[in-house]
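# Descriptive structure summary
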Amino acid sequence: GAITIGEGPVNDNTRPAKPRDVIFALDTGHSMRGRKLEAAYNSISNFMGRLGPGDRFGLILFNDRVQAYGKAIVAASHDNAGGALDFIRKSALTGGTDLMGALEKSLEILARAGKNGGAPIVVLITDGHPTANVIAYRKFQKRWSKMNTMGDRKSTRLNSSHIPFSRMPSSA
């Protein structure tokens, strides 16, 4: 499944009036092997192709570790998108799923980015339940709520919505 966290769902038929700051957070735990990773990669590639000239993006890969493509969000250019997609292709699937770590890193990058005048969006792509860091859903929800309202930067406060993927088999 995938969770999109932002100011609203992405609609293929419309472009927002304001630029977007998008963080793609991709689960690279062992369970994402095969068709799931391929579908996730294709989804990110497709979404990157829909970003406009004023949009910016960042990429986070997470399993037991959380790693970012660079230290900041970048302009949504063809070259930057290609570099980010190469970063995914060169990554190794390993370990579990640190969902909270991925969300923390997403907010950290958005907070450092400064205002772009647009909607901050986190696109979280994962197939399962957290298995590292905070794994109990009530604790996860409580910690996310606290983390999402800390500080005085409204630009990093995000609404949460869920966009389900169709169920896929766990192996290719």
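Residues numbered from 1 in each chain as written. Predicted model: local features only at pLDDT ≥ 70, side-chain atom pairs only at ≥ 80, totals over all residues. Heavy atoms only, no water.

### As for the overall build of the protein
Along the backbone of the protein there are four helices and seven strands. Counting over 172 residues, the protein shows a buried share of 40%. Considering only contacts in the protein between residues 6 or more positions apart, those separated by 24 or more positions represent 82%. Total accessible area on the protein is roughly 9,300 Å²; 52% of this is exposed by carbon and sulfur atoms. (Helix = DSSP H or I, 4+ residues; strand = E, 2+ residues; numbered from the N terminus. Buried < 20%, exposed > 50% of the residue type's maximum accessible area, 1.4 Å probe, protein only. Contact = heavy atoms within 4.5 Å. Areas by Shrake-Rupley, 256 points an atom, 1.4 Å probe, with all protein chains shown as cover.)

### Some thoughts on the pattern of salt bridges
Per the stated rule, a full pass over the model turns up five salt bridges. Ionic pairing is found between glutamate 108 and arginine 112, a salt bridge with its closest N-O pair at 2.8 Å. In this pair, glutamate 108 and arginine 112 both sit in helix α3 (residues 99-113), four residues apart, roughly one turn of the helix. Each of the salt bridges in this network shares a partner with another, and the network as a whole consists of Lys105, Glu108 and Arg112. (Salt bridge = Lys/Arg side-chain N within 4 Å of Asp/Glu carboxyl O.)

### Focus: helix α1 (residues 35-49)
Taking 1.5 Å of rise per residue, 15 residues should cover 21 Å, and α1 covers 21 Å from first to last C-alpha, within 8% of that figure. Taken together, the buried positions of α1 are Lys36, Ala40, Tyr41, Ile44, Phe47 and Met48. With its buried residues spanning 130° around the axis, α1 presents them on a single face. In this structure, α1 carries Glu38 and Gly49 as exposed residues pointing more than 90 degrees from its buried face. The elements touched by buried residues of α1 are β2 (20-27), β3 (56-62), α2 (78-90) and β6 (119-125). (Expected span 1.5 Å × (residues − 1). Arc of directions from axis to C-beta.)

### Focus: the pairing of β3
Where burial is concerned, most of β3 is hidden: seven out of the seven residues are buried. With seven bridges joining them, β2 and β3 adopt parallel strand pairing. When the sheet's bridge partners are listed, leucine 26 is paired in β3 with leucine 61. In this structure, β3 lies alongside strand β5 (residues 74-75), joined through two bridges in antiparallel fashion. Within β5, the residue paired with arginine 56 across the bridge is alanine 75. (Pairing = 2+ DSSP bridges.)

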